[in-house]
Amino acid sequence: MFEQGEGIVLSRLPFPLFSELPILNRATARAKVNKVSGRVLLYICRKWIAVFLKPYITEGEYRLMRRLDNQVALVTGGARGIGKEIALALAGLGAKLAVNYNRSAEAANALAEQIKLFGSECLAVQADVSRSDQARGLVGTVVEHYGRVDVLVNNAGITRDKSLKSLTDEDWQSVIHTNLNSVFYTTSAACPTMMEQGYGRIINISSFVGQAGNFGQSNYAASKGGMIAFTKSAALELAKYNITVNAVAPGFTSTEMLAMVPEAIQEKLLAKIPLRRFGEPREIAETVAFLASEGGYITGQQININGGIYM
Ligand SMILES: NC(=O)c1ccc[n+]([C@@H]2O[C@H](COP(=O)([O-])OP(=O)(O)OC[C@H]3O[C@@H](n4cnc5c(N)ncnc54)[C@H](OP(=O)(O)O)[C@@H]3O)[C@@H](O)[C@H]2O)c1
């Protein structure tokens with residue numbers, strides 16, 4: 001991925017109207033324009049190099065360049081944060097996307113347009129995955145639209161942080177329903193299609209908190225730990241259908257979820273991370289993309305991406 005000031009000198013591309021825009025922070029705006037332009041260029045280059053080289057390279061080499069061509073990927077909670085980066089990474093590998101959202105309709109539709117601009121197909125689907133009927137309906141909609149589902153990323157998640165003495169039944173249940181029950185609903189709904197295909201890649205976004213525990217997060221830790229246990233059991237059951245099931249466990253990652261944590265506490269968290277920084281959503285997305293495209297012999301694993309906060 002091109003970063004600002006790296007490789008291609010995108011900052012020197014002509015944006016004639018740019019200086020006339022009433023943008024207060026021009027440096028931030030320019031960085032954003034450069035990032036999007038970089039991604040579009042990367043996608044176009046990868047796609048056209050693969051197309052032109054096809055007659056001269058082996059099938060295996062072609063597959064390496066267009067690794068998720070003709071595959072369908074569903075990302076729950078894919079409109080923003082980590083889910084958005086995962087959707088972009090999978091689309092970048094050639095997958096047809098289904099981006100699920102619950103409340104972020106505008107962001108989901110904007111992302112779908114962005115992915116279409118890159119040349120991939122993308123469907124934005126509203127569903128509250130904490131509800132069995134909606135989560136199963138979501139998978140049904142995707143299979144009906146595309147005729148298959150190859151990659152399922154269970155990313156949707158929430159926090160309701162409170163210490164045990166003030167945690168209510170509602171705080172407990174909403175987190176368990178959204179983070180854990182949803183994984184069962186979508187996975188069991190996708191299984192018949194994946195079994196029929198003889199192919200599937202299921203990737204569950206857990207958390208290091210599911211392994212280490214955390215003060216004020218007993219509900220969240222239980223949901224994320226449950227996800228890891230579910231991942232291992234499902235991996236055992238589904239291996240014979242060539243369906244792999246893995247968990248990715250991020251540490252503290254720079255998204256709106258982390259932004260909800262008061263700044264003073266963020267400072268304390270930073271001090272506990274050996275790499276002394278929060279993770280970037282892109283770093284989680286790249287591991288998910290690897291598991292989806294190259295992880296055929298990896299199953300039942302939890303992959304930690306946490307800056308060393310839990311080893
Ligand atoms: N950020 C971190 O530090 C961190 C660390 C470890 C693990 N994780 C995990 O990574 C995943 C993504 O987190 P994030 O940081 O990107 O969080 P975020 O920015 O708060 O985004 C949460 C996403 O989950 C979706 N979502 C929530 N409830 C939903 C529901 N009932 N049905 C469908 N979608 C729902 C939201 O969709 P809408 O906006 O459409 O409602 C949103 O897209 C979560 O599972 C989280 O637990 C995050």
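What counts, and where the lines are drawn
Residues numbered from 1 in each chain as written. Predicted model: local features only at pLDDT ≥ 70, side-chain atom pairs only at ≥ 80, totals over all residues. Helix = DSSP H or I, 4+ residues; strand = E, 2+ residues; numbered from the N terminus. Buried ≥ 20, exposed ≤ 12 C-beta atoms within 10 Å, placed from the backbone. Contact = placed C-beta atoms within 7 Å. Axes fitted to C-alpha atoms, helices over the stretch in contact; angles between N-to-C directions. Parallel < 35°, antiparallel > 145°, perpendicular 65-115°, else oblique. Left-handed = near helix turned anticlockwise from the far one by under 90°. Nonpolar A, V, L, I, M, F, W, Y, C, P; charged D, E, K, R; others polar. Core = buried A, V, L, I, M, F, W, Y, C linked by C-beta atoms within 7 Å. Near = placed C-beta within 6 Å. Pairing = 2+ DSSP bridges. Right-handed = clockwise from strand over helix to strand, strands pointing away. Expected span 1.5 Å × (residues − 1). pLDDT = per-residue confidence, 0-100.

1. A few points about the overall build of the protein chain
Then, number 1: Broken down by element type, the protein chain carries 11 helices and seven strands.
Then, number 2: Here the protein chain holds 311 residues, and 39% of them are scored as buried.
Then, number 3: Looking at the protein chain alone, contacts between residues at least 24 apart form 72% of all its contacts between residues at least 6 apart.

2. Quick look at unusual backbone geometry
Glycine aside, the phi torsion of most residues is negative, and most peptide linkages are trans.
Then, number 1: Positive phi, normally seen in glycine, also occurs at asparagine 242, with a value near 60°.
Then, number 2: Among the structural elements, asparagine 242 can be located in the loop between α8 (218-238) and β6 (243-250).
Then, number 3: According to the C-beta neighbour criterion, asparagine 242 is partly exposed, with 15 such atoms within 10 Å.

3. Some details on the packing of helix α3 (residues 81-92) against helix α11 (residues 281-294)
Then, number 1: Look at α3 against α11: their axes get within 8 Å of each other, and the N-to-C directions meet at 45°. Relative to α11, α3 is oriented oblique. Viewed along their axes, α3 and α11 form a crossing whose handedness is right-handed. Residues Gly81, Ile82, Glu85, Ile86, Leu88, Ala89 and Leu90 of α3 pack against Pro281, Arg282, Ile284, Ala285, Glu286, Val288, Ala289 and Ala292 of α11.
Then, number 2: Partitioning the contact of α3 with α11 into residue classes produces 11 nonpolar, one polar and three charged.

4. Here's the deal with the nonpolar core
Then, number 1: Ranked by size, the top nonpolar core spans 67 residues in total, and within it Ala73, Ala87, Leu90, Leu97, Val99, Val153 and Val288 carry the most contacts.
Then, number 2: Here this core gets eight residues from one element, more than from any other, and that element is helix α6 (residues 169-197).
Then, number 3: When near neighbours in sequence (up to four residues on either side) are disregarded, leucine 90 contacts Leu68, Ala73, Ala95, Leu97, Val151, Ala289 and Ala292.

5. Considering the site of the ligand
Then, number 1: Around the ligand sit 29 residues, and of these Gly77, Gly81, Asn102, Gly157 and Thr255 come closest.
Then, number 2: Listed by contribution, the elements that provide at least two residues to the shell around the ligand are α3, β2 (96-101) and α9 (256-259).
Then, number 3: Class assignment for the residues of the shell around the ligand results in 11 nonpolar, 14 polar and four charged.

6. Remarks on the environment of isoleucine 303
Then, number 1: Along the chain, the position of isoleucine 303 falls in strand β7 (residues 302-305).
Then, number 2: Remark: the alpha-carbon pair of isoleucine 303 and alanine 247, spanning 56 residues in sequence, is separated by 6.3 Å.
Then, number 3: If we skip the residues at most four places from it in the chain, isoleucine 303 touches Asn246, Val248, Ala249 and Thr287.

7. Let's talk about the pairing of strand β3 (residues 122-126)
The side chains of a regular strand alternate between the sheet's two faces.
Then, number 1: Where β2 lies against β3, five bridges are found, and the strand directions are parallel. Residue pairing in the sheet places alanine 98 in a bridge with leucine 123 of β3.
Then, number 2: As a crossover connection, the stretch from β2 through helix α4 (residues 105-117) into β3 is right-handed.

8. Things to note about the packing of helix α5 (residues 132-146) against α6
Then, number 1: One way to put it is that α5 packs onto α6 with a least axis distance of 8 Å and a crossing angle of 35°. Crossing handedness for the pair α5 and α6: right-handed. Facing α5, whose interface residues are Ser132, Ala135, Arg136, Leu138, Val139, Gly140 and Val143, α6 presents Ser182, Tyr185, Thr186, Ala189, Ala190 and Thr193.
Then, number 2: Split by residue class, the contact of α5 with α6 holds seven nonpolar, five polar and one charged.

9. Focus on the sheet that holds β7
Then, number 1: Pairing is parallel across the open sheet formed by seven strands, whose spatial order is β3-β2-β1-β4-β5-β6-β7. The open sheet terminates on both sides in strands that have one partner only, identified here as β3 and β7. When the angles between neighbouring strand axes are averaged without regard to direction, this sheet yields 15°.
Then, number 2: Packing against the sheet, α6 makes contact with β4 (151-154), β5 (200-205) and β6, and its axis sits at approximately 175° to β4.

10. Here's the deal with α11
Then, number 1: The end-to-end C-alpha separation of α11 is 20 Å, in line with the 20 Å expected for 14 residues at 1.5 Å each.
Then, number 2: Turning to α11, its buried residues are Pro281, Ile284, Ala285, Val288, Ala289, Leu291, Ala292 and Ser293.
Then, number 3: Close packing links the buried residues of α11 with β1 (72-75), α3, β4, β5, β6 and β7.

11. Points about the confidence of the model for the protein chain
Then, number 1: In this model, the protein chain carries an average pLDDT of 89, and 86% of its residues clear a pLDDT of 70 or more.
Then, number 2: The low-confidence segment residues 1-22 (pLDDT under 50) makes 21 contacts with residues lying over four places distant or belonging to another chain.

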